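Coordinates in review
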Amino acid sequence: MSKHIFVLTGAGVSAESGLGTFRDKSGDGIWSTFDASKLATPQAFARDPTTVLAFYDARRRNLLNAKPNPAHFALARLEQGLPARGGRLTLVTQNIDDLHERAGSKRVLHMHGELLKARCQICGATTIWPRDLNIDDACPECGHSGVLRPDVVWFGELPLHLDAIYTALSNADLFVAIGTSGAVHPAAGFVAEAAAYGVPTCEINLDAADNAYCFDEARYGPASETVPAWVEELLRT
Ligand code: OAD
């Protein structure tokens, strides 16, 4: 069996938890309904913080009502099951939800940040923030008001944990992308990076991603079925 498994997840892994994806072939993804340039950029936040905060408040409320699905639980089982077989998991997610953690995953690299945290633009402190974020809320660390923002990565900003991610890609034995459209870089380029290191690659998705041609293998279907089946297969070997 593969020893070090690198899993990258995207919105598709949380779709069956009711959180919605960004780019849907049916045309009703989040970025078909809402304008990303007005909601998910530092410029949008500087121009109209109230609108941006309201968008993330709605997503946060939705998340608090959502539950992990069998795909999240299967990935937690994989993390728990690999060490006894001499393996380990690197789990990187583009998702800002906490459904991997709520399913039991212990180590998750949130490269696009976390919706349930707020970040102070003055002192840089991040604070657990499971409620609406108002423009005049004060930072619990430094006490300044009007300086908190959702601790998420916006378009034009650098994703988090990139050093750890590229190191893990270089020494993985298998790269698997789950429920991601392969449309947003740098995550969309991880498969090519892994392949350049000679790492076998597999796409698990509802339908072919934009970068599907980069993968050695593909498994298509809803994540709540394909991911548990793949994990059981792997833990049986
Ligand atoms: P996308 O919405 O771009 O893609 C979701 C993928 O999940 C698509 O390939 C769908 O086919 C697939 N999918 C949908 N339902 C599924 C299901 N039930 N089972 C399995 N797959 C399913 O989401 P991401 O690729 O995660 O960034 O998007 C990447 C980034 O773009 C996000 O992190 C976000 C967004 O803009 C920022 O906000 C910075």
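Procedures and definitions
- Residues numbered from 1 in each chain as written.
- Predicted model: local features only at pLDDT ≥ 70, side-chain atom pairs only at ≥ 80, totals over all residues.
- Heavy atoms only, no water.
- Phe/Tyr/Trp six-rings, centres within 6.5 Å; stacked < 30°, edge-to-face > 60°.
- Helix = DSSP H or I, 4+ residues; strand = E, 2+ residues; numbered from the N terminus.
- Buried < 20%, exposed > 50% of the residue type's maximum accessible area, 1.4 Å probe, protein only.
- Lys NZ or Arg CZ within 6 Å of the ring centre and 35° of its normal.
- Pairing = 2+ DSSP bridges.
- Axes fitted to C-alpha atoms, helices over the stretch in contact; angles between N-to-C directions.
- Contact = heavy atoms within 4.5 Å.
- Core = buried A, V, L, I, M, F, W, Y, C linked by side-chain atoms within 4.5 Å.
- Domains from an automatic or database assignment.
- Near = heavy atom within 4 Å.
- Polar contact = N/O pair within 3.5 Å; in protein donor to acceptor, adjacent residues only side chain to side chain.
- Areas by Shrake-Rupley, 256 points an atom, 1.4 Å probe, with all protein chains shown as cover.
- Buried area = accessible area lost by both parts, 1.4 Å probe.
- Salt bridge = Lys/Arg side-chain N within 4 Å of Asp/Glu carboxyl O.

Scanning the entire structure with this criterion turns up eleven aromatic pairs. Residues Phe45 and Trp154 carry aromatic rings whose centres are separated by 5.2 Å and whose planes lie at 45° to one another, so their mutual orientation is tilted. Placement of Phe45 in helix α4 (residues 42-47) and of Trp154 in the loop between β6 (148-152) and α8 (162-170) is noted, with a sequence separation of 109 residues between them. The exposure class assigned to Phe45 is buried, which follows from its relative accessible area of 7%. The positively charged end of Arg131 is found above the aromatic ring belonging to Trp129, 4.1 Å away from the centroid. A cation over a ring is seen here: Arg149 above Trp154, with NZ or CZ 3.8 Å from the ring centre.

Let's shift gears to the sheet that holds strand β5 (residues 126-128). Read across the open sheet, the three strands follow the order β5-β4-β6; overall the sheet is antiparallel. The strands lining the two open edges of the sheet, one partner per strand, are β5 and β6. For this sheet, the mean inter-axis angle between neighbouring strands, taken without regard to orientation, is 45°. Along the sheet face, helix α5 (residues 49-64) touches β4 (113-120) and β6 and points at about 135° away from the line of β4.

It is worth spelling out unusual backbone geometry at this point. That bond from His185 to Pro186 is cis: its omega, 10°, falls within 30 degrees of zero. Along the chain, Pro186 falls in the loop between β7 (174-178) and α9 (190-196). One non-glycine residue with positive phi stands out, namely His161, at about 65°. When you line up the elements, His161 lands in the loop between β6 and α8. Given the relative accessible area of 38%, His161 is considered partly exposed.

In terms of nonpolar packing, the biggest core is built from 27 residues, with Tyr56 and Trp154 touching the most fellow members. Here this core spans two domains, and each of domain 1 (1-19 + 69-112 + 159-237) and domain 2 (24-65 + 115-152) adds at least three residues to it. Ignoring anything within four residues of it in the chain, the contact list for Trp154 reads Leu39, Ala40, Thr41, Pro42, Phe45, Val52, Tyr56 and Arg149. Core analysis: the second largest hydrophobic core is formed by 22 residues, Ala74, Leu82, Val176 and Val231 among them.

Around the ligand, a shell composed of 23 residues is seen, among which Phe22, Arg23, Trp31, Thr180 and Ser181 lie nearest. Trp31 has a polar side-chain atom sitting 2.7 Å from an oxygen atom of the ligand. Contact with the protein chains covers 93% of the free accessible surface of the ligand, which is 800 Å².

This part covers the domain arrangement of the chain. What the domain assignment lists for the chain is domain 1 (1-19 + 69-112 + 159-237) and domain 2 (24-65 + 115-152). Here the C-alpha centre of domain 2 lies 26 Å away from the C-alpha centre of domain 1. Of the roughly 770 Å² buried between domain 1 and domain 2 on both sides combined, carbon and sulfur atoms contribute 53%. Taken as a group, Leu19, Ile96 and Arg102 account for 57% of the area that domain 1 buries against domain 2, more than any other trio of residues on that side. Seen at the junction of domain 1 and domain 2, the total is zero salt bridges.

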